[in-house]
Amino acid sequence: MSETTAFVAAFILYIVSALFYFFYVFSKRDKAAWLGYMAAAVGLIIHSAALVIRTIQSGHAPFTNMYESLSFFGWAAIFAYIIMEGKFKIKKVGPYMMLIVIALMALASSPLMPQQSQPLVPALQSYWLWLHVSVTLVGEAFFAIAFVTSILYLIADSKEKKGITTGLSSQNLDSISYRSIAVGFPFFTLGGLVFGMVWAYKAWGSYWSWDPKEVWSLITWFVFALYLHTRIVMGWKGRRSAWIAILGFLAALFTYFGVNYFLSGLHSYV
Amino acid sequence: MKSFIQVFSSVKLAIFLLIVITLASILGTLVPQHRTPEEYQAGYGELSGLLMRLEITQLYQSWWYVSLLFLFALNTIVCTLTRLGPKLKQTFTPTILAIPKQITRYREHKKFEKPGDLKSIGTQLRHILKKRHYRIKEEEKEKIRYVLAQKKTLGLFGSDIVHTGILVILLGGILSGLWGFRRTINITEGSTVEVPQADFQIRMDKFVTEFYPSGVVKDWKSTLTLIDSGQEQMRKTIEVNHPLSYQGFVFYQSSYGWDWNNPRLDILVRETGEETQAERIQISIGEKHLLKDSKTEVTALRFVPDFVITEGNRVATRSQQPNNPAVYLESQRNGEIIFRGWIFSKYPKFSQSHEGGEQDTSFVLQDFQATQYSGIQVTKDPGTNVIWVGCTMLMLGLFAAFYWPSRKLRFQLIGSGPRTEILVGGTSKKGREEFHKEFQSIISELRRSQ
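Nothing here was measured: the structure is a model prediction, and the numbers come from that model.

A.B. asks: Can you lay out the overall build of chain B for me, pointing to particular residues and giving the numbers?
C.D. replies: A tally of regular secondary structure across chain B gives ten helices and 23 strands. Rg of the C-alpha trace for chain B: 39 Å, well past the compact-globule value of 22 Å for 450 residues, more than 25% over. Each principal axis of the C-alpha distribution contributes one length, and for chain B these read about 135 × 55 × 45 Å. Per-residue burial over chain B gives 25% buried out of 450 residues.

Structure, rendered in structure tokens:
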């Protein structure tokens, strides 16, 4: 099995999973949600195989260009979602989460993203590449779940105000957002900021250089710190919390993509 | 003083500062930092003066950004300290007595009766709680036994550890800013240089560039020897991501380049007179070379690796890469200038701004060699270790705050005869489901125990 075959197979399974999940939302048949979950899980296994093959063939961590890192981000998002659904039974989040993953996979396979693996430039030849990128992206995957549940919260909340109840109560969605951030925040702090500083110190000789990507990861961190403080100390919940979580994920996305395309700096690899 | 504490203990201030610092930081990523006034003038026009006056062009080092960070640190200190006192009291010198209402107010609470006198039930309870790693405090008053059990109290201090970690990181940043130093020194193979701000030297024994088969650079490696008081102390090959540390100094492989001030130039001189003859000579900058005909002299006056003509019609080098190497030559025959101008390695036919009349002599820059140097970044940063301590505290604190929820149980055992009435209530900072399970299992075990 080649890496491309595995990648495409996983991509197809994610699309199948999304279809089952959407069928579940409209038909309310639990069986469909279960099939969606299984398709995603099998997709994850095959996707893992694709990443392993890529690592063996290129001889380095599978996130050194945009194709690789988008694919890994998609993998992490599925991984995070499978854990969260297994624990909190949030089937209704499934279809929208799968849409995000499909968007990531589609972007990864688009011709805009060079897929050819390149030999590592000297600065990336470090095991910190593994630690820094994978832990950060896993953290951001949990932020992605909070993003989806926060949007669903806003929808559910306005429906409930009109007296319409939906599958997952708004209160439930609010709490899932918080729980996702409670997982994502320590991961993001460790991978993005702490490991990033350690690696910067080893490679560039300075743990902090006010590089745009560094500043944007700090901005993302500030937004989620704001989420936690307004919620825990000031008791904010619901709509305002949901909006902060949405902003936080958008900041994380900008840190991940935007900085590379709109701002220039040291992080010019991916 | 009191109003000072009131202002700085406010979480609202913390949130306000967090928002302002976030917005300021965003601004700093939109305006390129640390450029020259000319670049700002070109990019922003009239706005550039304002940007520079407000120090937006070096925002993260500006007095106002640093002041915001300082206020934020002060806010964090006061917030943390004012909330620490009650938490410490609650943990180390808690009130053990509790009125029933206090217990029934907890999310988990239960009242039941079981056979057994106060003493034996107290023993059973202690056993059950100890098994679950609770720390127990007891007090008896008017035939009622009060029991307070707590565990994972570290979780209560998670946020304080996080805040302290952030303050330690800021402190590390201040130390780096005040006493950290960073300089790049270019060393050619075989030479020894004094390490800035240190009393030892480093010698570059070997510098190699490794390539991938495709021709892309794989790595730069410098073999360095540390010489302290005339003694060779240490020898190590450093490469990107693998620096060398010695006495608080760290040496990084940072760049590379060529010493273009002293290149060896191979020049082909061709005379097309009655008799065509060519002579290949090797010269350095400033060196006069007499050709075999004993009457023609050639001098190389200047060399640039990447020839460019700037706005002021002056010759400069665009980069340190040998993209367009050129040499400024002068040639005299019998004291008369026959040639003066630039010759280009890549464009041998093209010679600019000739001076001199005779055209029967041409010059070609055939080869050029310069010593390659390795750019070694030397740093000494007393803040670094402080930063790592802060980072460790930050992570430990986050873990404690999110995944080490403190739990508390309060009991009232009332009984003077063979039966005892038990009132129990408890709370957990987080993880309600897990705590609910533990609470239920404690009650059922206490009911069953003999």
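Here the narrative resumes, following the displayed structure.
A.B. asks: Break down the environment of Thr 272 of chain B for me, citing the residues and quoting the values.
C.D. replies: Within the secondary structure layout, Thr 272 of chain B lies in strand β11 (residues 264–272). A sequence separation of 178 residues divides Thr 272 of chain B from Gln 450 of chain B, and the C-alpha atoms of the two residues are 120 Å apart.

A.B. asks: Account for the domain arrangement of chain A, naming residues and giving values.
C.D. replies: Residues and elements named next belong to chain A. Taken domain by domain, chain A consists of domain 1 (1–109) and domain 2 (126–270). Computed over C-alpha atoms only, the centres of domain 1 and domain 2 are separated by 20 Å. Between domain 1 and domain 2, the residue contacts involve 21 residues of the former and 19 residues of the latter. Counting only elements with at least two residues in the side of domain 1 that touches domain 2, the list comes to α3 (66–88) and α4 (94–109). Looking at the side of domain 1 that touches domain 2 element by element, the count peaks at eleven residues for α3.

A.B. asks: Hey, could you go over the packing of helix α7 (residues 118–131) of chain B against helix α10 (residues 432–448) of chain B for me, with residue numbers and the actual values?
C.D. replies: All names here are of chain B. With their axes 10 Å apart at the nearest point, α7 and α10 run at an angle of 145 degrees to one another. The element α7 and its partner α10 pack so that their crossing is right-handed. Facing Gln 124, Leu 125 and Ile 128 of α7, the residues of α10 in contact are Ile 442, Glu 445 and Leu 446.

A.B. asks: Which residues make up the sheet that holds strand β7 (residues 217–228) of chain B, and what are the values?
C.D. replies: All names here are of chain B. In space, the four strands of this open sheet follow the order β5-β6-β7-β8, with antiparallel pairing throughout. Either end of the sheet is taken by a strand with one partner, and the two such strands are β5 (192–194) and β8 (231–239). Looking at each pair of strands side by side, their axes are set apart by 25 degrees on average, direction ignored. Two elements, strand β6 (residues 200–211) and β7, share eleven bridges in a ladder whose sense is antiparallel. Among the inter-strand pairings, Met 204 is bridged to a residue of β7, identified as Leu 224.

A.B. asks: Break down the pairing of β7 of chain B for me, citing the residues and quoting the values.
C.D. replies: Looking along a regular strand, one sees side chains alternate from face to face of the sheet. Residues and elements named next belong to chain B. In textbook terms, the turn of a hairpin is the stretch between consecutive antiparallel strands, and for β6 and β7 this stretch comprises five residues, one of which, Gly 215, has a positive phi near 100 degrees. With eight bridges connecting them, β7 and β8 associate as antiparallel partners. Across the sheet, residue Ser 222 finds its bridge partner in β8, namely Ile 238. Between β7 and β8, which pair antiparallel one after the other, the connecting turn spans two residues, and Ser 229 there sits at a positive phi close to 45 degrees.

A.B. asks: Give a detailed account of the sheet that holds strand β20 (residues 361–369) of chain B, specifying residues and quantitative values.
C.D. replies: Residues and elements named next belong to chain B. Read from one edge to the other, the open sheet built from three strands follows the order β12-β11-β20, with strand pairing classed as antiparallel. Here the strands that pair on one side only, and so sit at the sheet edges, are β12 (276–283) and β20. For this sheet, the mean inter-axis angle between neighbouring strands, taken without regard to orientation, is 20 degrees. Here eight bridges tie β11 to β12, and the two strands are oriented antiparallel to one another. Across the sheet, the residue bridging to Leu 268 is Arg 280, located in β12.

A.B. asks: Lay out the pairing of strand β3 (residues 144–151) of chain B in plain terms, naming residues and giving numbers.
C.D. replies: All names here are of chain B. With seven bridges connecting them, strand β2 (residues 135–141) and β3 associate as antiparallel partners. When the sheet's bridge partners are listed, Ile 136 is paired in β3 with Ala 149. Counting the residues between successive antiparallel strands, the hairpin from β2 to β3 contains two residues, one of them, Glu 142, with a positive phi of roughly 50 degrees. Bridging between β3 and strand β22 (residues 407–414) involves eight bridges; their strand directions are antiparallel. Across the sheet, residue Lys 151 finds its bridge partner in β22, namely Arg 407.

A.B. asks: So, the domain arrangement of chain B: which residues are in play, and what are the values?
C.D. replies: Parsing chain B into structural domains produces domain 1 (2–84), domain 2 (94–152 + 405–448), domain 3 (163–257 + 374–396) and domain 4 (264–371). The C-alpha-based centres of domain 1 of chain B and domain 2 of chain B are spaced at 51 Å.

A.B. asks: Just give me the short version of the interface of chain A and chain B, but keep the residues and values in it.
C.D. replies: Buried accessible area, meaning the area lost when the parts come together, often serves as the stated size of an interface. Each partner contributes to the interface: chain A provides 32 residues, whereas chain B provides 37 residues. Sorting the residues of the side of chain A that touches chain B by element identifies α6 (170–204) and α7 (212–232) of chain A as the ones contributing at least two each. A per-element tally of the side of chain A that touches chain B places α7 of chain A first, with eleven residues. Here the residues of the side of chain A that touches chain B are counted per class, giving 24 nonpolar, seven polar and one charged.

A.B. asks: Tell me about unusual backbone geometry, and name the residues and values.
C.D. replies: Residues other than glycine seldom take positive phi values, yet Lys 28 of chain A does so here, at roughly 60 degrees. Its place among the elements puts Lys 28 of chain A in the loop between α1 (3–27) and α2 (30–58). A positive phi angle, near 60 degrees, is found at Gln 197 of chain B, a position not held by glycine. The topology assignment puts Gln 197 of chain B in the loop between β5 and β6. Residue Gln 197 of chain B is classed as exposed on the basis of its 10 C-beta neighbours within 10 Å.

A.B. asks: Account for the environment of Thr 223 of chain B, with residues named and values stated.
C.D. replies: Residue and element names in this part refer to chain B. Structurally, Thr 223 can be placed in strand β7. By C-beta crowding, Thr 223 is classed as partly exposed, having 16 other C-beta atoms within 10 Å. Sequence-distant contacts of Thr 223, that is, excluding residues within four places in its chain, are made with Asp 205, Lys 206, Arg 235 and Thr 237.

A.B. asks: Can you lay out α7 of chain B for me, pointing to particular residues and giving the numbers?
C.D. replies: Residues and elements named next belong to chain B. Taking 1.5 Å as the rise per residue, α7 with 14 residues should run 20 Å; its terminal C-alpha atoms sit 20 Å apart, in good agreement. Turning to α7, its buried residues number three or more, namely Ile 121, Leu 125 and Leu 129. For α7, the angular spread of the buried residues around the axis is 70 degrees, confining them to a single face. Among the exposed residues of α7, those oriented more than 90 degrees off its buried face are Lys 119, Thr 123, His 127, Lys 130 and Lys 131. Contacts from the buried residues of α7 go to β2, β3, β22, β23 (419–428) and α10. His 133 sits one or two positions beyond α7 and adopts a positive phi of about 65 degrees.

Criteria and thresholds
Residues numbered from 1 in each chain as written. Chains lettered and ligands numbered in written order. Predicted model: local features only at pLDDT ≥ 70, side-chain atom pairs only at ≥ 80, totals over all residues. Helix = DSSP H or I, 4+ residues; strand = E, 2+ residues; numbered from the N terminus. Rg over C-alpha atoms; globule rule 2.2 N^0.38 Å. Buried ≥ 20, exposed ≤ 12 C-beta atoms within 10 Å, placed from the backbone. Domains from an automatic or database assignment. Contact = placed C-beta atoms within 7 Å. Axes fitted to C-alpha atoms, helices over the stretch in contact; angles between N-to-C directions. Left-handed = near helix turned anticlockwise from the far one by under 90°. Pairing = 2+ DSSP bridges. Nonpolar A, V, L, I, M, F, W, Y, C, P; charged D, E, K, R; others polar. Expected span 1.5 Å × (residues − 1). Arc of directions from axis to C-beta.

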